[in-house]
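Each chain, written out:
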Amino acid sequence: MATSLSRCCYTSSSTLTCHPMLNKPHVSPPHHIPKNSQKPVNTCSLKEICKRRNLKEAFQCLNNMHSDRNALVIFPDEAYAQVFELCASKKALSQGKQIHALVIKSYHAYKSLFLDTKLVFMYGKCGSLLDAEKVFDKMSQRTIFTWNAMLGAYVSNGEPLGALETYREMRVWGISVDAFTFPCVLKACAMLKHVDCGAQVHGVVTKCGYDSITFVVNSLVAMYAKCYDLDKARQLFDRMGEKEDVVLWNSMISAYSAYGLSIEALGLLRDMQKTGQLTNSYTFVASLQACENSLFRKMGIEIHAAILKSSQNFDVYVANALISMYVRCGRMTQAAGVFNRLENRDSVSWNSMLTGFVQNGLYNEAMQFFHRLQGAGKKPDQVSVISVVAASGRLGNLLNGMEMHAYAIKHGFVSDLQVGNTVLDMYAKCCCVNYMGRTFEQMPDKDFISWTTAIAGYAQNNYHLKALALFREVQTKGLDVDAMTIGSILLTCSGLKCMSQVKEIHGYIMRKDLSDLALQNAIVDVYGECGNIDYAIKMFEFIEFKDVVSWTSMMSSYVHNGLANEALELYWSINETSLELDSVALVTMISAAASLSALKKGKEIHGFILRKGFMLEGSIASSLVDMYACCGDIENAYKLFTCILNKGLVLWTSMINANGLHGRGKAAIDLFYKMEGENLIPDHITFLALLYACSHAGLIDEGKRFLDVMRHKYQLEPWPKHYACLVDLLGRANRLEEAYQFVKNMPFEPSAEIWCAILGACRVHSNKAVGEIAAQKLLELNSLNPGNYVLVSNVFAASGRWKDVEQVRMRMKGSGLKKTPGCSWIEIGNKLHTFIARDKSHPNSDEIYQKLAQITEKLEIEGGYVPQTKFVLHNVDEEEKVEMLYGHSERLAITYGLLNSSVGNLIRITKNLRVCGDCHTFCKLVSRFFGRELVVRDANRFHHFKDGVCSCGDFW
């Protein structure tokens, strides 16, 4: 048959599908029979040897029979048939071919239909479809058993079209089918997902009267299930009267499990148990697959108990299904228990555990288990490589990830798409973008996930232009773009702060109708990040069914745009809904309270966290420490820090930064050394907090030393911000020439931040020469930060260069920049009261100004206070300068605090700009003559005023 047709076609009523035959040359192996053993010949019959499934003994027995001419089998059917069946069961192709050659050599004139059928069966089971076809084609006669064997060979070797063509020929030639014909044919239909063809075969089954035979019905049920027609499968199942065959139950349970219908699958298991039907390992495996998540954990445990109670052997397939069930339910301890009790572990057992650790976020445990796998002498396969590479990425362990990448290349796994995509993701998560790009370029095949992973990797690592370029390439290739890719591109737009690009992507989303809730939330977030709060609000209001991410995105947008009050108002609004806040939302709210220095609100959020049972760890813990520090409560920040057991790098960095904010440089350094003692490796942010602390405490030598430690001990290349901290430190100490030389010798062009540090110090120490250079450099950078122009303007104003001041202000106006007005606020009675310079909008304005006049008079009489008008950088007369000083916003806030708080209570205020020298003196005198401790947070740091002394040591 196969030799007569180069292409065989199966025709149904609706389709025509072609099947290329496997026309490859066949080379017979050398004929070899193992030599006779020196041991006495076993007297057991060949039949008994085959029953024991001992292929070596069977070979020896055949060899002896041929050596002994008296024992030569005249009719070899029974003897050889048994050995062929043994070869088939063991998939021993080489041995099967040798015996076939022996038969041809010894009985060249002998023709046996029975033996040829066994050969077709054996070759099919051993995976040699070409040899099965050759034997089949040379047969002059064939029985139904021969045809069925050929059908089975096609199906078992993944050639369903060949099976259907063979079945078509049987029908054309009038071959009488039997019940055993249909399981193979129906399996072929299922493999092709061809329900119409399956239905036609079903009709033949009914016509032939085989629709009541259990194994045929089982095949029909399995076919309909795999062709997505579960209703038809269930109808056949229900139509069976006495369902005494466990295979029938297993087929239906397995079908429901495969399609995620867990309740139906487990309900059928209950019905099966009620009828008293015996279960087997396939029942348990199919039922455990139905326990797809933690909702079905209890049922999974019950099935586990039933397995332990049954008298059946605890085989590896059931054990693997149990491990997978516990993994899906997040119960790795129980999964490990099953694994440890399993003696005959296979690769599925090891990989199920390894994958389970990764899926449940236990990445360190995954790496430890992988070492155990290697210690057991197991070789990692593709699944193992994917799990270990994924764990390495999540841990940021580049070395381990690269080792596994090398292993994958060496063993040829890297050509597998899933391995390649996982390697891409690992390099992205380890911030190794160059390796990620190189891996992406070298991938022989790329799917949509490959492109999406590479775009996300570039976006997350701030390679925004490369992410956009790759996105353009995706569009050029005509690949579909999904919500995840768009999310990465929105992240890129956020990083670039490019409103035109954001609007373009927003329009693309609308045109392609990609706007799901996740993207709507991302759009709110990106408009907020780009400073367009109005668009963010409109998009937020447009979302019909808001989830907690929607609210968090809007709150984050408010905080990012300096509207922390609005963010807190949104927090109270969300509490009126049925939504449960998550850790991200809480961190956002803590950040809002911190930016406002709203201690009472911060404590309320802290209390909410404790009441809701959130663990004080990770981002929540570090945000709370930061909040207390930003609210001026360094003592509570430290208490919270000390009570947290598992301190990560972010928490240590937050506490170091907290000490820096409050001018406690020595305490910050001590914390750094303690952190090193805990074997934590500092990062760029840690050193930034440390250098900041040194800067505000005047610790010059320590600052220089830590910059060297950063570069040489930890191999971290300093950012411009690190250099700016050291420049600021030298400038504050009036070592301006040294600071200027340091700037000139930096390995890159100084940023605006660095020139600002130089210029600010020149203004304080009246160094006009260096200040002039710094001012010109700052103006040349054309910064979009209005604060930079204000600083230059103030330096010019302090020197009386009013024309230059006017030019700078005109330049600001031409660039669309505005000076940020000075603003101070104080929290009284769970409400924030805000003041701007010479503000009279407050309801108690008259009372405030009257009290301020009394305070000023007392300080002038008792404290010798004299207004320092040099800090008023406006071209007005002295009297107006004094009036301007008296109206500074921090004085109004302090006055309101004195009016509305009990004697002796601490007063906390916050100012958005740096406190001027005159107001600093005013605060010191108030703390002394009114017996009040003042905590003032300005744009640079905290000032703790007590008994006429400031914690900054007049160094800010």
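Residue indices follow the written sequence of each chain, beginning from 1 at its first position. Local features in this predicted model are restricted to residues whose pLDDT is 70 or higher, and side-chain atom pairs enter the listing and the counts only when it is 80 or higher, whereas totals over whole chains, interfaces and linings include all residues. No hydrogens and no water enter the side-chain calculation; it runs on all heavy atoms of the structure.

### What to know about the overall build of the protein
Phase 1: Across its full length, the protein carries 50 helices and 8 strands.
Phase 2: Each radius of gyration is computed over the set of C-alpha atoms, and the globule rule expresses the reference value as 2.2 Å times the number of residues to the power 0.38. For 956 residues, the compact-globule estimate of 2.2 N^0.38 gives 30 Å, and the protein exceeds it by more than 25% at 40 Å.
Phase 3: Oriented by its inertia axes, the alpha-carbon framework of the protein measures out at about 135 × 60 × 50 Å.
Phase 4: Counting over 956 residues, the protein shows a buried share of 50%.
Phase 5: Residue pairs in contact within the protein that sit at least 24 positions apart in sequence constitute 63% of those at least 6 positions apart.
Phase 6: Carbon and sulfur atoms form 52% of the exposed surface of the protein, whose accessible area is close to 46200 Å². By definition, any uninterrupted DSSP run of H or I lasting at least four residues is a helix, any uninterrupted run of E lasting at least two residues is a strand, and each is numbered from the N terminus. Burial classification: accessible surface area is computed with a 1.4 Å probe over protein chains only, and a residue below 20% of its type maximum counts as buried, one above 50% as exposed, and the rest as partly exposed. The criterion used for residue contact is that any of the two residues' heavy atoms lie within 4.5 Å. Accessible surface area values rest on a Shrake-Rupley calculation with a 1.4 Å probe, where residue burial reflects the displayed protein chains alone.

### Structural notes on unusual backbone geometry
Phase 1: Although it is not a glycine, Lys 193 adopts a positive phi angle of roughly 55 degrees.
Phase 2: Note that Lys 193 resides in the loop between helix 9 (181-191) and helix 10 (195-208).
Phase 3: Using a relative accessible area of 41% as the deciding quantity, one classes Lys 193 as partly exposed.
Phase 4: With phi around 50 degrees, Asn 782 is a residue other than glycine that occupies positive phi space.
Phase 5: Relative to the assigned elements, Asn 782 resides in the loop between helix 44 (768-780) and helix 45 (786-798).

### With respect to the UniProt feature "domain: DYW" (unreviewed entry) in the protein
Phase 1: UniProt tags residues 864-956 as "domain: DYW" (unreviewed entry).
Phase 2: The span residues 864-956 is 35% helix and 17% strand, and its two end C-alpha atoms sit 23 Å from each other. UniProt positions are given in the numbering used here, feature names are shortened, and annotations may be inferred rather than shown by experiment.

### Focus: the nonpolar core
Phase 1: Core analysis: the largest hydrophobic core is formed by 272 residues, its most contacted members being Phe 182, Ile 303, Ile 486, Ile 605 and Ile 758.
Phase 2: When near neighbours in sequence (up to four residues on either side) are disregarded, Ile 303 contacts Leu 266, Leu 269, Phe 284, Ser 287, Leu 288 and Cys 291.
Phase 3: Residue types Ala, Val, Leu, Ile, Met, Phe, Trp, Tyr and Cys, when buried and joined through side-chain atoms within 4.5 Å, form a set referred to as a nonpolar core. With 32 residues, the next largest nonpolar core counts Ile 855, Leu 892, Val 936 and Trp 956 among its residues.

### Here we look at the pairing of strand 5 (residues 907-911)
Phase 1: In terms of burial, strand 5 is largely enclosed, as 4 of its 5 residues are buried.
Phase 2: Examined bridge by bridge, strand 3 (residues 823-828) and strand 5 share 3 bridges and lie antiparallel to one another. Each bridged residue has a counterpart across the sheet, and for Trp 825 the counterpart in strand 5 is Thr 910.
Phase 3: Pairing analysis gives 4 bridges linking strand 5 to strand 6 (residues 934-937), with the strands arranged parallel. Each bridged residue has a counterpart across the sheet, and for Ile 907 the counterpart in strand 6 is Leu 934.
Phase 4: If the strands point away from the viewer and the path from the first strand over the helix to the second runs clockwise, then the crossover is right-handed. Handedness of the crossover is the feature at issue here: the chain leaves strand 5, passes through helix 50 (residues 917-929), returns alongside strand 6, and the resulting connection is right-handed. For two strands to count as paired, DSSP must find a minimum of two bridges between them.

### Comments concerning the packing of aromatic side chains
Phase 1: In this scheme Phe, Tyr and Trp rings, the latter by its six-membered ring, pair at centre separations within 6.5 Å, and the angle between planes marks the pair as stacked below 30 degrees, edge-to-face above 60, and tilted otherwise. According to the stated counting rule, one finds 31 aromatic pairs in the structure shown.
Phase 2: Ring geometry for Tyr 458 against Tyr 463: centres 6.3 Å apart, planes inclined by 45 degrees, an arrangement best described as tilted.
Phase 3: Residue Tyr 458 is classed as buried on the basis of its relative accessible area, which comes to 9%.
Phase 4: Assessed through its relative accessible area of 34%, Tyr 463 is described here as partly exposed.

### Some words on the sheet that holds strand 7 (residues 942-946)
Phase 1: Spatial strand order, 4-3-5-6-7-8: 6 strands in an open sheet with mixed pairing. Strands at the two margins of the open sheet, each flanked by one partner only, are strand 4 (831-836) and strand 8 (949-950).
Phase 2: As paired strands, strand 3 and strand 4 are joined by 6 bridges and run antiparallel to one another. By the bridge assignment, Ser 824 is partnered in strand 4 with Phe 835.

### Quick look at a positive patch on the surface
Phase 1: Nonpolar side chains (Val, Leu, Ile, Met, Phe, Trp, Tyr) within 5 Å and like charges within 9 Å form the patches, drawn only from residues with over 30% relative accessible area and no salt bridge. A pairing counts as a salt bridge when a side-chain nitrogen of Lys or Arg comes within 4 Å of a carboxyl oxygen of Asp or Glu. Positive charges come from Lys and Arg, negative ones from Asp and Glu, while His and the chain ends are left out of the count. Lys charges are placed at NZ, Arg charges at CZ, Asp charges at CG and Glu charges at CD. There is a patch of like positive charges on the surface, built from Lys 91, Lys 125, Lys 187, Lys 193 and Lys 226.
Phase 2: Along the chain, the position of Lys 125 falls in helix 5 (residues 113-125).
Phase 3: According to the relative accessible area criterion, Lys 125 is partly exposed, its value standing at 37%.

### Side note on the UniProt feature "repeat: PPR" (unreviewed entry) in the protein
Phase 1: UniProt feature "repeat: PPR" (unreviewed entry): in the numbering of this structure it lies at residues 143-177, 245-279, 346-380, 447-481 and 547-581.
Phase 2: Within residues 346-380, the helical portion is 74% and the strand portion 0%, while the C-alpha atoms at the span's ends are 12 Å from each other.
Phase 3: Secondary structure over residues 447-481 splits into 74% helix and 0% strand, and the C-alpha atoms at its two ends are 12 Å apart.

### Quick look at the pattern of salt bridges
Phase 1: With the rule as written, the count across this model stands at 21 salt bridges.
Phase 2: With a shortest N-O distance of 3.0 Å, Arg 234 and Asp 238 are connected by a salt bridge. In this pair, Arg 234 and Asp 238 are both assigned in helix 12 (residues 230-239), 4 residues apart and thus about one turn of the helix distant.
Phase 3: Note that Asp 918 and Arg 891 form a salt bridge whose closest N and O atoms lie 2.2 Å from each other. In this pair, Asp 918 sits in helix 50 while Arg 891 sits in helix 49 (residues 889-899), placing the two residues 27 residues apart along the sequence. Accessibility assignment for this pair places Asp 918 and Arg 891 in one class, buried.
Phase 4: Where salt bridges share partners, they join Arg 394, Asp 425 and Lys 429 into one cluster.

### Quick look at the state of the cysteines
Phase 1: In what follows, a disulfide is any cysteine sulfur pair within 2.5 Å. Scanning all chains against the criterion turns up 0 disulfides.
Phase 2: No disulfide involves Cys 126; its sulfur sits 6.6 Å from that of Cys 87, the nearest cysteine.
Phase 3: The exposure class of Cys 126 is buried, given its relative accessible area of 13%.
Phase 4: The thiol sulfur of Cys 291 is not disulfide-bonded, and the nearest other cysteine sulfur, from Cys 329, lies at 6.5 Å.

### Details of the packing of helix 17 (residues 316-328) against helix 19 (residues 347-359)
Phase 1: A fitted line through C-alpha atoms serves as each axis, taken over the contacting stretch for helices, and the angle formed by two N-to-C directions is quoted from 0 to 180°. The N-to-C vectors of helix 17 and helix 19 enclose an angle of 0 degrees; their axes lie 9 Å apart at closest approach. Between helix 17 and helix 19, the angle is such that the two are roughly parallel. Packed against helix 17, whose contacting residues are Val 316, Asn 320, Ile 323, Ser 324 and Val 327, the element helix 19 presents Val 348, Ser 349, Ser 352, Met 353, Gly 356 and Gln 359 at the interface.
Phase 2: A class-by-class count of the residues in the contact of helix 17 with helix 19 yields 5 nonpolar, 6 polar and no charged. Between 65 and 115 degrees an angle is taken as roughly perpendicular, under 35 as roughly parallel, over 145 as roughly antiparallel, and anywhere else as oblique. Ten residue types, Ala, Val, Leu, Ile, Met, Phe, Trp, Tyr, Cys and Pro, are classed as nonpolar, four, Asp, Glu, Lys and Arg, as charged, and the remainder, Gly among them, as polar.

### Some points on the environment of Lys 601
Phase 1: Mapped onto the elements of the fold, Lys 601 is located in helix 34 (residues 599-611).
Phase 2: Note on Lys 601: relative accessible area 9%, which makes it buried.
Phase 3: Sequence-wise, Lys 601 and Asn 830 are 229 residues apart; in three dimensions their C-alpha atoms are separated by 7.1 Å.
Phase 4: Excluding its chain neighbours within four sequence positions, the residues that come into contact with Lys 601 are Leu 568, Trp 572, Ala 593, Glu 827, Asn 830 and Lys 831.

### With respect to a negative patch on the surface
Phase 1: Taken together, Asp 877, Glu 879, Glu 880 and Glu 883 make up a surface patch of like negative charges.
Phase 2: Within the secondary structure, Glu 883 is located in helix 48 (residues 878-886).

### Overview of helix 35 (residues 618-630)
Phase 1: Multiplying one less than the number of residues by 1.5 Å gives the expected span of a helix. The end-to-end C-alpha separation of helix 35 is 18 Å, in line with the 18 Å expected for 13 residues at 1.5 Å each.
Phase 2: For helix 35, a buried count of 10 out of 13 residues is recorded, marking the element as mostly surrounded by other parts of the structure.
Phase 3: Elements in contact with the buried residues of helix 35: helix 33 (583-596), helix 34, helix 36 (634-643), helix 37 (649-661), strand 6 and strand 7.
Phase 4: Looking one or two places after helix 35, you find Gly 632, whose phi comes out positive at around 85 degrees.

### Here we look at the environment of Tyr 210
Phase 1: Within the element layout of this structure, Tyr 210 appears in the loop between helix 10 and helix 11 (214-226).
Phase 2: The sequence separation of Tyr 210 and Phe 180 amounts to 30 residues, and the corresponding C-alpha distance is 9.8 Å.
Phase 3: What Tyr 210 contacts, discounting residues up to four positions off in sequence, is Val 177, Asp 178, Ala 179, Phe 182, Val 205 and Val 216.
Phase 4: In this structure the side chain of Tyr 210 is engaged in a polar contact, spanning 3.5 Å, whose partner is the backbone oxygen of Val 177. As used in this structure description, the phrase polar contact means that two N or O atoms lie within 3.5 Å; if the pair is within protein, one of them must be able to donate a hydrogen and the other to accept it, and residues adjacent in sequence are counted only when both atoms belong to side chains.

### So, the environment of Asn 293
Phase 1: Mapped onto the elements, Asn 293 comes out in the loop between helix 15 (281-290) and helix 16 (297-309).
Phase 2: For the pair formed by Asn 293 and Met 325, sequence separation is 32 residues and the distance between their alpha carbons is 7.8 Å.
Phase 3: Polar contacts involving the side chain of Asn 293 include one to the main-chain amide nitrogen of Leu 295, which spans 2.9 Å.

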